[in-house]
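Structural overview
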Amino acid sequence: FVAAPVALLAVLLVTPTLARLFGAGGASVLLGIVLAFLTDWVVLWGALTWVYRVVSPRRPGWLASVWGGAVTGSFIAGFLQGFVLFLSLPLDLGLPFGGFVPVGAMVAVGFWLFLLHVLVLVGYAFTFEVEQRNGVPWKQVDKPSLLANSVSHDDGAIPGAAGRPAGVRADG
């Protein structure tokens, strides 16, 4: 993904502005929070759209991928803001681990990473639900979910995988 360094650069370029806004206090702190959220959201939106459309084994359409990337990116950006808030709280992370703060910090970071991965996977499922609606999330559908086709059967076989070597996609 060639645009990743450019997206990271956008986040880094906004950082001095955020530092000034947070340092000024008052209403500018709220503006800083909104700017940080929107910056993270736009960067994640682009990255997740690319992942859902190009990197995933089943390729939804671009419109569904854009919707999935936008919605999932907003949730992840919000969770990242929550993680920063969590880190600012005066908690003794080592208390449940006999005073070992590094262990408590690793558990906290691991938990947040787990939550972020769950959000990405739920966003992927959401993208396929939007794909079923031809890229329009609010459109009604009478067919079963596209996700029902990817669930393995009792015999362990994956539908549509017969005759293909492992790792080879049906669309080439």
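Presented here is a report on the structure given in the accompanying data block.

Cut-off values and rules
Here the residue numbers are simple positions, counted from 1 along each chain's written sequence. Under the rules for a predicted model, residues below a pLDDT of 70 receive no local features and side-chain atom pairs below 80 are neither given nor counted, while totals for whole chains, interfaces and linings still include all residues. Calculation of side-chain values draws on the structure's entire complement of heavy atoms; hydrogens and water are dropped beforehand. Secondary structure elements follow DSSP: runs of H or I no shorter than four residues count as helices, runs of E no shorter than two count as strands, and numbering proceeds from the N terminus. The contact criterion used is simple: two residues touch if any of their non-hydrogen atoms lie within 4.5 Å. In these tables, accessible area is a Shrake-Rupley quantity obtained with a 1.4 Å probe, and a residue counts as shielded only by the protein chains included in the view. Here, expected helix span is obtained from the residue count minus one, scaled by 1.5 Å. Using a 1.4 Å probe on the protein chains alone, a residue whose accessible area is under 20% of its type maximum counts as buried, one over 50% counts as exposed, and one in between counts as partly exposed. Only protein atoms enter the 1 Å grid, on which a cavity is a set of points fitting a 1.4 Å probe that cannot get out and a pocket is an open set with protein on both sides within 12 Å along at least 5 of 7 lines, lining residues being those with an atom within 4 Å of a point. Grid points are joined across faces, edges and corners, and a volume is the space filled by probe spheres set on the points.

1. Observations concerning the overall build of the chain
For the chain, the helix and strand inventory stands at 4 helices and 0 strands. Helices (α) and strands (β) of the chain occur, in sequence order from the N terminus, as α-α-α-α. Within the chain, residue pairs in contact and separated by at least 24 positions form 57% of the contacts whose partners lie at least 6 positions apart. If you sum the accessible surface of the chain, you get close to 11,200 Å²; carbon and sulfur atoms cover 75% of it.

2. Considering helix H3 (residues 62-88)
In this model, H3 (27 residues) spans 38 Å end to end at C-alpha, consistent with the 39 Å of a helix rising 1.5 Å per residue. Taken residue by residue, H3 has Ala64, Ser65, Gly68, Gly69, Ala70, Thr72, Gly73, Ile76, Ala77 and Phe83 as its buried positions. Against helix H2 (27-55) and helix H4 (101-132) lie the buried residues of H3.

3. Some details on the layout of surface pockets
Empty space within the second largest pocket amounts to approximately 180 Å³. Taken together, Leu18, Phe22, Ile33, Ala36, Asp40, Leu80, Gln81, Phe83 and Val84 make up the lining of the second largest pocket. Contributions of two or more residues to the lining of the second largest pocket are made by helix H1 (4-24), H2 and H3. Here the lining of the second largest pocket takes 4 residues from H3, the largest share from any one element.

4. Things to note about H4
An α-helical turn contains 3.6 residues, so a residue and the one three or four places further along point in the same direction. Look at H4: 47 Å from first C-alpha to last across 32 residues, which is about the 46 Å you get at 1.5 Å a residue. Buried residues of H4: Gly104, Ala108, Trp112, Leu116, Leu119, Gly123, Tyr124, Thr127, Phe128, Val130 and Gln132, and no others. Elements that come into contact with the buried residues of H4 comprise H2 and H3. The first or second residue beyond H4 is Asn134, which carries a positive phi of 60 degrees.

So, to be careful, I would describe these as geometric facts and stop short of saying anything about function.
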